[in-house]
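Results of the structural survey
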Amino acid sequence: EPESATRMEEKTGRAASTIARLLLDVDRRPLPSGAVVIVDEASMVGTRDLARLAGHVATAGGALKLIGDPDQHGAVESGGFFRRLTELRGDQLIRMEQNNRQLDADHRLAIEDFRRGLVESALSRYDATGRVVRSPNASAAYDAMVTEWWACASAGETVPMIAGPNVTRSALNRRARALLKAEARLDGPVVVAHDREYCVGEWVVTKRNRRDLRSADGHFVKNGSAGVVTALDPKRRTLTVTFEREGVITLPAEYLDFGFVDYGYARTTYGVQGATLDRGLYFAGDESSFEEG
């Protein structure tokens, strides 16, 4: 979560936010003269949003600093401008040369091979250290991943399954819920909303920012907030979720009915881009892309 990682509010007086939120704010109240706007995960920003933001910064006589990785996922809408900017900068581009995320030496070598396009070599390194699980078909691969996920969850680890396509994510979520029900981990009263059933113990992820839904510490629900359902009210059709970063927040029925809550046992690669995990379970299928990997 950008704010907890950067403490922008403590340093500047303004908390880190989404670009959508910032654009709404500056449309009503322009940026102060000389403002510096820092954009993280810039490869995922659509060209139109980036152009609007650049226009506001130019009007303020400020500076726009873009940080990102053009080899990772791009924007869902029309994008690619960040990659073009990195190409235009050439030798003047400021790069982070050292990998500070992977701690294991074999992981570092595999990541370096992958980034250089040596995908077969990268996967061979993972394979040699026992980190590749093969299955004869997709269904068997889903079952193997859910079994591994359940072993982690039983040990108290909140390790998400990671997949590219939503159809794969949905298949993994269904299997995870079926396993939890068989283990009596999803029991008792239920709340049904938007064709989904929620129980206490459910892993969920939210899909829409709501600044009016806040924890006691003042943190609000965001697109991508992940947590576990710790209480529910079948009559009012509300879920009380203990989020990993935001704390305890109660989600009302209308938020659920709009489909803004989904199961969080499996996440898309878009949903976890930029996150640092102690461990990840990634489903690599025939449709997997270089950016996804």
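For the structure, check the block above.
Structural notes, computed from the coordinates. Quick caveat: nothing in here was measured; it's all calculated off a predicted structure.

So, how was this worked out
Residues numbered from 1 in each chain as written. Predicted model: local features only at pLDDT ≥ 70, side-chain atom pairs only at ≥ 80, totals over all residues. Heavy atoms only, no water. Helix = DSSP H or I, 4+ residues; strand = E, 2+ residues; numbered from the N terminus. Rg over C-alpha atoms; globule rule 2.2 N^0.38 Å. Contact = heavy atoms within 4.5 Å. Areas by Shrake-Rupley, 256 points an atom, 1.4 Å probe, with all protein chains shown as cover. Lys, Arg positive; Asp, Glu negative; His and termini not counted. Charge placed at Lys NZ, Arg CZ, Asp CG, Glu CD. Phe/Tyr/Trp six-rings, centres within 6.5 Å; stacked < 30°, edge-to-face > 60°. Lys NZ or Arg CZ within 6 Å of the ring centre and 35° of its normal. Pairing = 2+ DSSP bridges. Axes fitted to C-alpha atoms, helices over the stretch in contact; angles between N-to-C directions. Buried < 20%, exposed > 50% of the residue type's maximum accessible area, 1.4 Å probe, protein only. Arc of directions from axis to C-beta. Polar contact = N/O pair within 3.5 Å; in protein donor to acceptor, adjacent residues only side chain to side chain. Salt bridge = Lys/Arg side-chain N within 4 Å of Asp/Glu carboxyl O. Parallel < 35°, antiparallel > 145°, perpendicular 65-115°, else oblique. Left-handed = near helix turned anticlockwise from the far one by under 90°. Nonpolar A, V, L, I, M, F, W, Y, C, P; charged D, E, K, R; others polar.

1. Some thoughts on the overall build of the protein
Summing up its helical and strand segments, the protein has 11 helices and 14 strands in all. The C-alpha radius of gyration computed for the protein amounts to 21 Å, which stays within 12% of the reference 19 Å derived for 293 residues, consistent with globular compactness. Taking the principal axes of its C-alpha atoms as reference, the protein extends roughly 60 × 50 × 30 Å. Once local pairs closer than 6 in sequence are excluded, the contacts in the protein between residues at least 24 apart make up 63%. Counting every atom, the protein has about 17400 Å² of accessible surface; 51% of that belongs to carbon and sulfur. Across the protein, the mean location of the 39 positive side-chain charges is 5 Å away from that of the 42 negative side-chain charges.

2. Quick look at the packing of aromatic side chains
Applying the stated criterion across every chain yields a total of 10 aromatic pairs. With a centroid separation of 4.9 Å and 5 degrees between ring planes, the pair formed by F114 and F290 is classed as stacked. Highlighted residues: F114 in helix α6 (residues 105-115) and F290 in the segment after β14 (281-282), separated in sequence by 176 residues. One aromatic cluster is present, built from ring pairs that chain together W149, W150, Y198, W203, Y263 and Y265. Positioned above the aromatic ring of F220, the side-chain terminus of K222 is 4.3 Å from the ring centre.

3. Describing the sheet that holds strand β13 (residues 266-268)
Within a sheet, adjacent strands bond to each other through the backbone by hydrogen bonds, running parallel or antiparallel. Here we have 3 strands laid out as an open sheet, ordered β13-β3-β14, and parallel in their pairing. Unpaired on one side and paired on the other, β13 and β14 mark the two borders of the sheet. For strand β3 (residues 161-163) and β14, the ladder comprises 2 bridges, and the chain directions are parallel. Within β14, the residue paired with I162 across the bridge is Y282. Against the sheet, helix α9 (residues 166-182) makes contact with β3 and β13, and its axis sits at roughly 170 degrees relative to β13, the strand it touches most.

4. Looking at α6
Buried within α6 we find A110, D113 and F114. Projected down its long axis, α6 shows its buried positions confined to an angular sector of 100 degrees, all on one face. Looking at the buried residues of α6, the elements they touch are α7 (119-128). Where α6 starts, the residue carrying a side-chain oxygen 2.9 Å from the main-chain nitrogen of D106 turns out to be D104. Just downstream of α6 lies G117, where phi reads positive at about 90 degrees.

5. Comments concerning unusual backbone geometry
Positive phi, normally seen in glycine, also occurs at A184, with a value near 60 degrees. Within the secondary structure, A184 is located in the loop between α9 and β4 (191-193). At H194, a position not held by glycine, the phi torsion is positive, near 50 degrees. Among the secondary structure elements, H194 is positioned in the loop between β4 and β5 (196-198).

6. Focus: the pairing of strand β6 (residues 203-206)
By the alternation rule, side chains of β6 split into W203 and V205 and V204 and T206, which are all buried. Both β6 and strand β9 (residues 226-233) contribute to a ladder of 3 bridges, which runs antiparallel. Bridge pairing links V205 to A226 in β9.

7. Overview of the side chain of K222
You can see K222 is positioned in the loop between β8 (220-221) and β9. Taking relative accessible area as the criterion, K222 reaches 15% and is therefore assigned buried. At 2.9 Å, the side chain of K222 forms a polar contact with the backbone oxygen of F220.

8. Here we look at the pattern of salt bridges
Per the counting criterion, the structure on display carries 21 salt bridges. A salt bridge links R279 to E148; the shortest N-O distance between them is 2.4 Å. Here R279 is found in the loop between α11 (269-272) and β14, whereas its partner E148 is found in helix α8 (residues 138-154), with 131 residues between them in sequence. Accessibility expressed as a relative area gives 35% for R279, which makes it partly exposed.

9. Notes on the packing of α8 against α9
Contact geometry for α8 and α9: axes closest at 10 Å, N-to-C directions at 55 degrees. Taken as axis vectors, α8 and α9 run oblique relative to one another. In this structure, α8 meets α9 at a crossing whose hand is right-handed. Packed against α8, whose contacting residues are S139, Y142, D143, M145, V146, W149 and W150, the element α9 presents T168, A171, L172, R175, A176, L179 and L180 at the interface. Across the contact of α8 with α9, the residue classes break down as 10 nonpolar, 2 polar and 2 charged.

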